[in-house]
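# Results of the structural survey
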Amino acid sequence: MGRAFQNRKESMAKTADAKTKVYSKYGREIYVCAKQGGTDPAGNLSLRGLIERAKKDQVPSHVIDKALDKASGVGGEDFSPARYEGFGPGNCMVIVDCLTDNPNRTFGEVRTCFNKTKCKLGTPGSVSHMFDHCAILAFQGSDEEAVLEALMEADVDVTDIENEEERITVFAPHTEYAKTKQALLNAFGEIDFEVDEIQFVPQTTTPLEGDDVATFEKLLDALNDCDDVQNVFHSAELPQE
């Protein structure tokens, strides 16, 4: 898998407005996750990981609590997932994951982002087959054999384990996320996960140069400005700064 999973575009909270957008994205994602799997983090490992990630990104507790309170009530927003696929500059591949209460509005906003940067929005499945949909869990450690043994004993269908710079990274199919995380917690106790996510990891990357780099950054910025966009995954390989 290498470090391709780091191709995920992170939202950068550089201004008050940007922070508000980050809080909104987390609040929406926590709400949907809690509605689907329950509001108790102890029994909903996806929610637990999401809350931990939100806290690391300095999302205030009141934002998290509000999302959980809404999820435990009746009614409220009816968000549903939407996924769009397309091609960016240099023909790199892009996947846009959204949570929306108005699919027509969301599709229009995402399409505008692609059109304004002269990129092409594709059909469902046009690029996702070139990505691996992975659960990724990374934590401090060096004994990959012990990690592999623990996962095999728990009958986890692990895809890959990497050991680099005293950090273990476990890759598994996205459907094995909860099972993988629980097996690690059972084997090693409380773990401070540095990465605890489900991502689309590109099977190959596309190096970008020159004007394509600026165009790609413009596309990412436009997409991340859309309230309904939760995550952007891509195959672009940007020049090292």
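In short, a report on the structure. (Residues numbered from 1 in each chain as written. Predicted model: local features only at pLDDT ≥ 70, side-chain atom pairs only at ≥ 80, totals over all residues. Heavy atoms only, no water.)

## Some thoughts on the packing of helix H2 (residues 45–56) against helix H6 (residues 177–188)
Applied cut-off: Every axis in this analysis is a line fitted to C-alpha atoms, fitted for helices over the stretch in contact. Angles between the N-to-C directions lie between 0 and 180 degrees. Numbering of helices and strands runs from the N terminus, with a helix taken as a DSSP run of H or I at least four residues long and a strand as a DSSP run of E at least two residues long. Any angle that falls under 35 degrees is termed roughly parallel, while one over 145 is termed roughly antiparallel, one within 65 to 115 roughly perpendicular, and all others oblique. We call two residues in contact when some of their heavy atoms are within 4.5 Å. Residue polarity is assigned by list, with Asp, Glu, Lys and Arg as charged and Ala, Val, Leu, Ile, Met, Phe, Trp, Tyr, Cys and Pro as nonpolar; anything else, Gly included, falls into the polar class.
At a closest axis distance of 9 Å, the pairing of H2 and H6 adopts a crossing angle of 75°. The angle between the axes of H2 and H6 places the two elements in the roughly perpendicular class. Touching Leu45, Ser46, Arg48, Gly49 and Glu52 of H2 are Tyr177, Ala178, Lys181, Gln182 and Leu185, all from H6. Taken together, the residues that form the contact of H2 with H6 break down as four nonpolar, three polar and three charged.

## A closer look at the packing of aromatic side chains
Rules: Aromatic rings from Phe, Tyr and Trp, with only the six-membered ring used for Trp, were paired whenever their centres fell within 6.5 Å, and each pair was classed as stacked if the ring planes differed by under 30 degrees, edge-to-face if by over 60, and tilted otherwise. Only protein chains enter the area calculation, which uses a 1.4 Å probe; residues under 20% of their type maximum are buried, those over 50% are exposed, and those in between are partly exposed. Throughout this description, the term charge over a ring refers to an Arg CZ or Lys NZ atom that lies within 6 Å of the ring centre and within 35 degrees of the ring normal.
In the structure shown here, the tally under the stated rule is five aromatic pairs. Ring centres 5.8 Å apart and planes at 45° place the aromatic pair tyrosine 84 and phenylalanine 107 in the tilted group. Remark: phenylalanine 107 occurs in helix H4 (residues 103–116) and tyrosine 84 occurs in strand E1 (residues 80–87); sequence separation between them is 23 residues. Among the residues examined, tyrosine 84 registers a relative accessible area of 11% and is labelled buried. Centroid distance phenylalanine 131 to phenylalanine 200: 6.4 Å. Interplanar angle 85°. Geometry classified as edge-to-face. Note that phenylalanine 131 is positioned in strand E4 (residues 131–140) and phenylalanine 200 in strand E7 (residues 195–202), a separation of 69 residues in sequence. Residues phenylalanine 131 and phenylalanine 200 agree in their burial class; the two are buried. Of note, lysine 70 hangs over the ring of tyrosine 31, and the distance from its end group to the ring centre comes to 5.6 Å.

## Side note on the state of the cysteines
Here a disulfide denotes a covalent bond joining the sulfur atom of one cysteine to the sulfur atom of another. Condition: In this description, the term disulfide denotes a pair of cysteine sulfurs within 2.5 Å.
For the structure shown, the criterion picks out zero disulfides. Left without a disulfide partner, cysteine 33 is nearest to the cysteine sulfur of cysteine 98, which lies 17 Å away. There is no disulfide at cysteine 113, and the cysteine sulfur nearest it, in cysteine 226, is 3.7 Å away.

## Here's the deal with the sheet that holds strand E9 (residues 229–234)
Condition: Two strands are said to pair when DSSP picks up at least two bridges between them.
The strand order across the open sheet built from four strands is E3-E1-E2-E9, with neighbouring strands paired in antiparallel fashion. Looking at the sheet topology across the chains shown, the edges are occupied by strand E3 (120–121) and E9. Strands in contact with H4 are E1, strand E2 (93–100), E3 and E9; relative to E2, the strand with the most contacts, it is inclined by about 150°. Strand contacts of helix H7 (residues 211–224): E2 and E9, with the helix running at about 155° to E9, the strand carrying the most contacts.

## Here we look at the environment of valine 59
Locating valine 59 in the fold gives a position in the loop between H2 and helix H3 (61–72). Residues in contact with valine 59, not counting those within four places in the same chain, are Tyr23, Tyr26, Ala54 and Ile64.

These figures come from the coordinates and say nothing about function on their own.
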